[in-house]
Amino acid sequence: MIYLDYQATTPLAPEARDAMLKWLDGPDGSGFGNPHSPHRMGRMAAAAVELAREQVAALLPPGGKVHFTGSACEAINLAMRGAPGKGAISVTSIEHAAVIDTARALGNCHELNVGADGQCNVKQDIPANTKLVAVMQVNNEIGVVQPTVEFHRKAKEAGALFFTDAVQSAGKMPVTGADLIAISAHKMHGPKGIGALWVRDGIELDPQITGGLQEDVRSGTLSPALCAGFGAATAIALERSEEDAAHAQALWDRARELFHEWTLNGSAEARWHGNLNIRMDGIDVARLMSDCRDIMFSAGSACASGSGRPSHVLKAIGLSDAQAKSSIRLGWGRYSSMEELEAVAGMINNAAAQQG
Ligand code: PLP
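Sequence order sets the numbering: in each chain, residues are counted from 1 along the sequence as written. This being a predicted model, a pLDDT of at least 70 is required before a residue's local features are given, and a value of 80 or more before pairs of side-chain atoms are given or counted; all residues contribute to the totals for chains, interfaces and linings. Side-chain calculation: all heavy atoms of the structure are included, whereas hydrogens and water are not.

Labelled according to an unreviewed UniProt entry, the protein chain appears under the name Cysteine desulfurase, originating from Aurantiacibacter atlanticus. Of the comments in the UniProt record for the protein chain, the one headed Catalytic activity (unreviewed entry) reads "(sulfur carrier)-H + L-cysteine = (sulfur carrier)-SH + L-alanine". Taken verbatim from the UniProt record of the protein chain, the Function (unreviewed entry) comment is "Catalyzes the removal of elemental sulfur atoms from cysteine to produce alanine. Seems to participate in the biosynthesis of the nitrogenase metalloclusters by providing the inorganic sulfur required for the Fe-S core formation." UniProt positions are given in the numbering used here, feature names are shortened, and annotations may be inferred rather than shown by experiment.

Laid out in structure tokens, this is it:
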């Protein structure tokens, strides 16, 4: 099996796994304490959580606080549902379902268009009564990078808060320019089941899960193991960000040669180069995936696949239903090799040729 689906999730870094093990210790160990207990074992667990919080904060801008959550979806819901004030919510038409569906559920949702390259033009109007603008930093389906710094400025001028979903960018590029930022550990070689919401100092969110409010605005006992894994994954991502980006770029350059008969979806330049979303007219992607079942890759986004619906992102950049349904996504990163990419290209191109 070859794994090229890094936008869906990433392999756990060995450093993150090592950092987690101690905090999974059973009755013989001392690592299973509740980080919210005042006794010694609790304080040890709390110290691990606080170290992780510092490690995660190092990835994010100064002047705010990291709140751990159970996922990025939860962080997104907390940011959008908990944001103070009344008014419209402006979101790009290519946001992750966690953002778009939440905006629609809240009502008064305004969608910002994107161009054929997947970029959202900052010159678009936002409604006068907008309270929150949400623009993701890197899109999960087509990898396109959005001008978040400019949108943050625009939101500020309009008196609105700016939220960015940095799930696909954190650990890969600097995350800047926002009032609220959501990230997820499992997209950056950390464990699944933990995310975080960074909140700029001075912003008061309305809690969405009540209980003990262990995380100030969020209730629920934290898992020191998941926090430690997230923290370690973050530290490694920061340490290796240039090396990881150069590796992704080298694979991208080769992939562009290997898949030259395919059409690229979204911008080639304003893009995270660990994401290749391509299409070939007339290809039956379900058949292609079944012919290439030893390759872990995706048709559209991991969330939309299987639903039978064409991807809303590919539709938003102007593709027809047929073009969207003849698109595939390959994603690579730190642990992917050139040999794997070349083998995958051989298998996919062969399978596509057999359909011709
Ligand atoms: N936002 C983006 C851009 C994503 O790619 C994902 C995961 O697919 C999420 C949010 C949700 O992250 P999580 O799996 O931590 O809920």
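Participant: Help me out: how do you make sense of the overall build of the protein chain in this one?
Facilitator: Broken down by element type, the protein chain carries 10 helices and 12 strands. Throughout, the radius of gyration refers to the C-alpha atoms, and the reference size of a globule is 2.2 Å times the residue count to the power 0.38. Here the protein chain has a C-alpha radius of gyration of 21 Å; the compact-globule value for 356 residues is 21 Å, and the two agree. Along the first, second and third principal axes, the C-alpha atoms of the protein chain reach 65 × 55 × 35 Å. In this scheme, a residue with accessible area under 20% of its type's maximum is buried, one over 50% is exposed, and one in between is partly exposed, where area comes from a 1.4 Å probe on protein chains only. Per-residue burial over the protein chain gives 53% buried out of 356 residues. Note on contacts: a residue pair is in contact if any heavy atoms of the two residues lie within 4.5 Å. Pairs at least 24 apart in sequence give 69% of the contacts found in the protein chain among residues at least 6 apart. Residue-level accessible areas treat just the shown protein chains as cover; the underlying method is Shrake-Rupley with a 1.4 Å probe. Looking at the protein chain as shown, the accessible area adds up to about 14900 Å², and 52% of this sits on carbon and sulfur atoms. Secondary structure counts use DSSP, requiring at least four H or I residues in a row for a helix and at least two E residues in a row for a strand, with both numbered from the N terminus.

Participant: How should the pattern of salt bridges be read in this particular structure?
Facilitator: Opposite charge on two side chains allows them to pair when their charged atoms are near. In the sections that follow, a salt bridge refers to a side-chain nitrogen of Lys or Arg positioned within 4 Å of a carboxyl oxygen of Asp or Glu. For the structure shown, the criterion picks out 14 salt bridges. Among the ionic pairs, Arg 53 bridges to Glu 215, the shortest N-O distance being 2.9 Å. Of this pair, Arg 53 sits in helix α2 (residues 40-57) while Glu 215 sits in the loop between β8 (195-200) and α6 (224-258); the two residues are 162 residues apart in sequence, bridging distant segments of the chain. Per residue, the accessibility class of Arg 53 equals that of Glu 215, and both read buried. Between Arg 254 and Glu 342 there is a salt bridge, with the nearest N and O atoms lying 2.7 Å from each other. Here the residue Arg 254 occupies a position in helix α6, and Glu 342 occupies one in helix α10 (residues 338-355), the gap between them amounting to 88 residues. Residue class for Arg 254 comes out partly exposed when judged on its relative accessible area of 26%. When its relative accessible area of 34% is taken as the criterion, Glu 342 is described as partly exposed. Within this structure, Arg 240, Glu 243, Asp 244 and Arg 334 form a network of salt bridges that share partners.

Participant: When you look at helix α5 (residues 148-157) in this model, what are you seeing that I'm missing?
Facilitator: Residues separated by three or four positions in an α-helix point in the same direction, a consequence of the helix having 3.6 residues per turn. Residues of α5 that are buried include every one of Thr 148, Phe 151, His 152, Lys 154 and Ala 155, and no others. Buried residues of α5, seen end-on, are gathered within an arc of 165 degrees and therefore sit on one face of the element. The outward face of α5, more than 90 degrees from its buried face, is lined by the exposed residues Lys 156 and Glu 157. Buried residues in α5 make contact with β4 (109-112), β5 (130-134), β6 (161-165) and β8. With its phi angle positive at about 75 degrees, Gly 159 sits one or two positions after the end of α5. Note that the arc is defined by the directions from the helix axis to the C-beta atoms.

Participant: Would you explain the side chain of Thr 148 in this entry?
Facilitator: Relative to the helices and strands, Thr 148 is located in helix α5. With relative accessibility at 4%, the residue Thr 148 sits in the buried group. The contact partners of Thr 148, leaving out residues within four places of it in the chain, are Val 135, Met 136, Gln 137, Phe 162, Thr 164, Thr 176 and Gly 177.

Participant: Mind showing me how you'd approach the site of the ligand here?
Facilitator: By nearness alone, 13 residues border the ligand, and Ala 72, Asp 165, Gln 168, Ser 184 and Lys 187 come closest of all. Here His 96 contributes a side-chain N or O atom positioned 3.3 Å from an oxygen atom of the ligand. Two N or O atoms form a polar contact when they lie within 3.5 Å of each other; inside protein one atom must be a possible hydrogen donor and the other a possible acceptor, and for residues adjacent in sequence the pair counts only when both atoms belong to side chains. In this structure, an oxygen atom belonging to the ligand sits 2.8 Å away from a side-chain N or O atom of Gln 168. When isolated, the ligand has an accessible area of 400 Å², and the protein chains bury 89% of it. Per-element accounting of the shell around the ligand gives the leading share, three residues, to helix α3 (residues 72-82). Throughout this entry, Asp, Glu, Lys and Arg are counted as charged residues, while Ala, Val, Leu, Ile, Met, Phe, Trp, Tyr, Cys and Pro are counted as nonpolar. The remaining residues, Gly among them, count as polar. Of the residues belonging to the shell around the ligand, the class tally is five nonpolar, six polar and two charged. Neighbouring residues are identified by heavy atoms, a residue being near a molecule or strand if any of them is within 4 Å of it.

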